[in-house]
Amino acid sequence: MCIRDSLGPLKIKVDLIEKLLSKNAMGYARSIDVPTLIIHAADDNIVPCEQSRRFYTSLKCQEKKLVILDEGGHVFETYSSREKVLEEVIRWFSDKLT
């Protein structure tokens, strides 16, 4: 692989990125009919929070929950955001599995 065939420090192949960019995740929302939990940080500077709101609204399923955290960035960078994510995920699975 030539260096110009990859992107960034993780050496992601350019053709994979092009393939991912050609997909429309919003279109998939209308086909999801299983319980769905979406957690998004309001200060995410990579994916706008509005995208999660639109995805949530488009979901076909009736059992769904959208949680917007005040902070955490794109990958829930802070301890408090990770703690909130864990709490929400544990609560979600506890509700769904009991």
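These lines cover the structure that appears in this document, whether it is placed above or below.

The rules we used
Residues numbered from 1 in each chain as written. Predicted model: local features only at pLDDT ≥ 70, side-chain atom pairs only at ≥ 80, totals over all residues. Heavy atoms only, no water. Buried < 20%, exposed > 50% of the residue type's maximum accessible area, 1.4 Å probe, protein only. Helix = DSSP H or I, 4+ residues; strand = E, 2+ residues; numbered from the N terminus. Pairing = 2+ DSSP bridges. Right-handed = clockwise from strand over helix to strand, strands pointing away. Salt bridge = Lys/Arg side-chain N within 4 Å of Asp/Glu carboxyl O.

Thoughts on the pairing of strand S3 (residues 36-41)
- Of all 6 residues that make up S3, 5 are buried, and the element is covered over most of its length.
- By the bridge criterion, 6 bridges tie S3 to strand S4 (residues 64-69) in an arrangement that is parallel. Residue pairing for S4: Thr 36 is matched across the bridge by Lys 64.
- As for the winding sense of the linkage, the β-α-β connection from S3 through helix H3 (residues 49-58) to S4 is right-handed.

Examining unusual backbone geometry
- Despite not being glycine, Phe 76 has its phi angle at roughly 50 degrees, a positive value.
- Positionally, Phe 76 belongs in the loop between S4 and helix H4 (79-97).
- Looking at Phe 76, the relative accessible area reads 19%, which means it is buried.

Observations regarding the pattern of salt bridges
- Tallied over the full model, the rule gives 3 salt bridges.
- Glu 63 serves as the salt-bridge partner of Lys 96, at 2.7 Å between the closest nitrogen and oxygen. On the criterion of sequence distance, the pair formed by Lys 96 in helix H4 and Glu 63 in the loop between H3 and S4 is long-range, its members being 33 residues apart.
- A salt bridge links Arg 91 to Glu 88; the shortest N-O distance between them is 3.1 Å. With a gap of 3 residues between them, Arg 91 and Glu 88 both fall in helix H4, about one helical turn apart.
- One network of salt bridges, with partners in common, ties together Lys 65, Glu 88 and Arg 91.

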